[in-house]
Amino acid sequence: MAKSVKSAERKKKGGKSAQTGKPSRAEAEAAVRTLIRWTGDDPDREGLLATPARVVRAYEEWFSGYGEDPRDYLSRTFDEVGGYDEIVLLRNVRFESHCEHHMAPILGRVHIGYLPRHRVVGISELARLVNVYAKRMQTQEKMTAEIAGCLDAVLKPFGVAVVVEAAHQCMTTRGVHKTDVTMVTSRMLGAFRDQVQTRQEFLSAIGMRGATPVGDAG
Ligand SMILES: [Zn+2]
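Draft legend 1. Structural context of the pairing of strand E2 (residues 88–99). The pairing of E2 with strand E3 (residues 105–115) spans nine bridges and is classified as antiparallel. Note on E3: the bridge partner recorded for leucine 89 is glycine 113. Hairpin connection between E2 and E3: a loop of five residues separates the two successive antiparallel strands, and methionine 103 in this loop has a positive phi of roughly 55 degrees. As paired strands, E2 and strand E5 (residues 137–138) are joined by two bridges and run parallel to one another. Looking at E5, one finds that cysteine 99 is bridged to glutamine 138.

As structure tokens, then:
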């Protein structure tokens, strides 16, 4: 009884997503039962009996990004750029995330461009990088900045450009019910921020030249 030594929780690889006091699966399922009762339904009726377990498993997928370090995916870089000094561009990387305000889905796509200095990275690694950040509770602005910042820090290219275009279901299915609105956010670093021509080349390649930073509400 007197002995209650709290063991320091050591995260391997220095991961920063501290999950101190993570509840048990049973506690998480009980919380879902509470939410079902909050809607006015009965968690003990037959159709809902397995729902808490399913929801908790779905959460494991939707929020799998907390257990991963995005830098791991970029460590598999190819050092040889072979004199290539043009923009590397990945368009239309689809993602599914959840807004941190309502935990409602954010569905959209990411466009990534960078100007390699020494290193390039595989296409699938870039797509996985997007996934690590998407599979967390997010704001679109934060996710855009995180993707750009991580690429910039690890690859140290001449510049990074990230544009994210997404629909937020907390806006389309509730609240203001603006079903056609998409939000566009961008983060330009290095050459993409400093050189108009480089930025325009990127925006034109993703079909957004002259685009305003806010989606057309049509
Ligand atoms: Zn929201």
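The structure having been displayed, the exposition proceeds.
Draft legend 2. Representation of the coordination of the zinc ion in the model. The zinc ion binds to the protein through Cys99 (SG), His102 (ND1) and Cys170 (SG); the donor distances cover 2.2 to 2.3 Å. All donors of the zinc ion come from a single chain, and their spacing in sequence reads C-x2-H-x67-C.

Draft legend 3. The arrangement of the packing of aromatic side chains in detail. As enumerated under the stated definition, the model contains three aromatic pairs in all. Ring centres 6.0 Å apart and planes at 50 degrees place the aromatic pair tyrosine 59 and tryptophan 62 in the tilted group. Here tryptophan 62 and tyrosine 59 lie together in helix H2 (residues 51–62), a separation of three residues that amounts to about one turn. Taking 5.8 Å as the distance between ring centres and 75 degrees as the angle between the ring planes, the aromatic pair formed by phenylalanine 192 and phenylalanine 202 counts as edge-to-face. You can see phenylalanine 192 sitting in helix H7 (residues 191–194) and its partner phenylalanine 202 sitting in helix H8 (residues 196–205), a full 10 residues away along the chain. When sorted by exposure, phenylalanine 192 lands in the same class as phenylalanine 202, which is buried. Clustering of aromatic rings is evident, with ring pairs tying together Tyr59, Trp62 and Phe63.

Draft legend 4. Main features of helix H1 (residues 25–39). Taking 1.5 Å of rise per residue, 15 residues should cover 21 Å, and H1 covers 21 Å from first to last C-alpha, within 8% of that figure. A positive backbone phi angle near 110 degrees is found at glycine 40, which sits one or two residues after H1.

Draft legend 5. Molecular detail of the pattern of salt bridges. The full count for this structure, using the stated rule, is eight salt bridges. Between arginine 94 and glutamate 96 there is a salt bridge whose closest N-O contact spans 3.5 Å. By relative accessible area, glutamate 96 is classed as partly exposed at 37%. With a closest N to O distance of 3.6 Å, lysine 142 and glutamate 100 form a salt bridge. Note that lysine 142 is positioned in helix H5 (residues 140–155) and glutamate 100 in the loop between E2 and E3, a separation of 42 residues in sequence.

Draft legend 6. Expanded view of the environment of aspartate 69. Along the chain, aspartate 69 turns up in the loop between H2 and helix H3 (70–74). Among the residues examined, aspartate 69 registers a relative accessible area of 24% and is labelled partly exposed. For aspartate 69 and valine 132, which are 63 residues apart along the polypeptide, the C-alpha to C-alpha distance reads 7.5 Å. There is a polar contact of 3.0 Å between the side chain of aspartate 69 and the backbone nitrogen of arginine 71.

Reading the values: the criteria
Within every chain, residues take consecutive numbers counted from 1 along the sequence as written. The predicted origin of the model limits local features to residues at a pLDDT of at least 70 and limits the giving and counting of side-chain atom pairs to 80 or more, whereas totals for whole chains, interfaces and linings rest on all residues. Computation of side-chain values covers all heavy atoms of the structure but excludes hydrogens and water. Strands are treated as partners if at least two bridges between them are detected by DSSP. Numbering of helices and strands runs from the N terminus; a helix is a DSSP stretch of H or I covering at least four residues, while a strand is a stretch of E covering at least two. Excluding water, the donors of a metal are its N, O and S neighbours within 2.8 Å, or within 3.2 Å for Na, K and Ca, and that exclusion means sites may look incomplete. The criterion for an aromatic pair is that two Phe, Tyr or Trp rings (for Trp, the six-membered ring) have centres within 6.5 Å, with stacked assigned to planes under 30 degrees apart, edge-to-face to planes over 60 apart and tilted to the rest. Burial status follows relative accessibility: with a 1.4 Å probe on protein chains alone, a residue under 20% of its type maximum counts as buried, one over 50% as exposed, and anything between as partly exposed. The span expected for a helix works out to 1.5 Å for each residue beyond the first. Take a side-chain nitrogen of Lys or Arg and a carboxyl oxygen of Asp or Glu: if they are within 4 Å of each other, that pair is a salt bridge. What qualifies as a polar contact is a pair of N or O atoms within 3.5 Å, subject to a donor-acceptor requirement within protein and to the restriction that residues adjacent in sequence count only when both atoms come from side chains.

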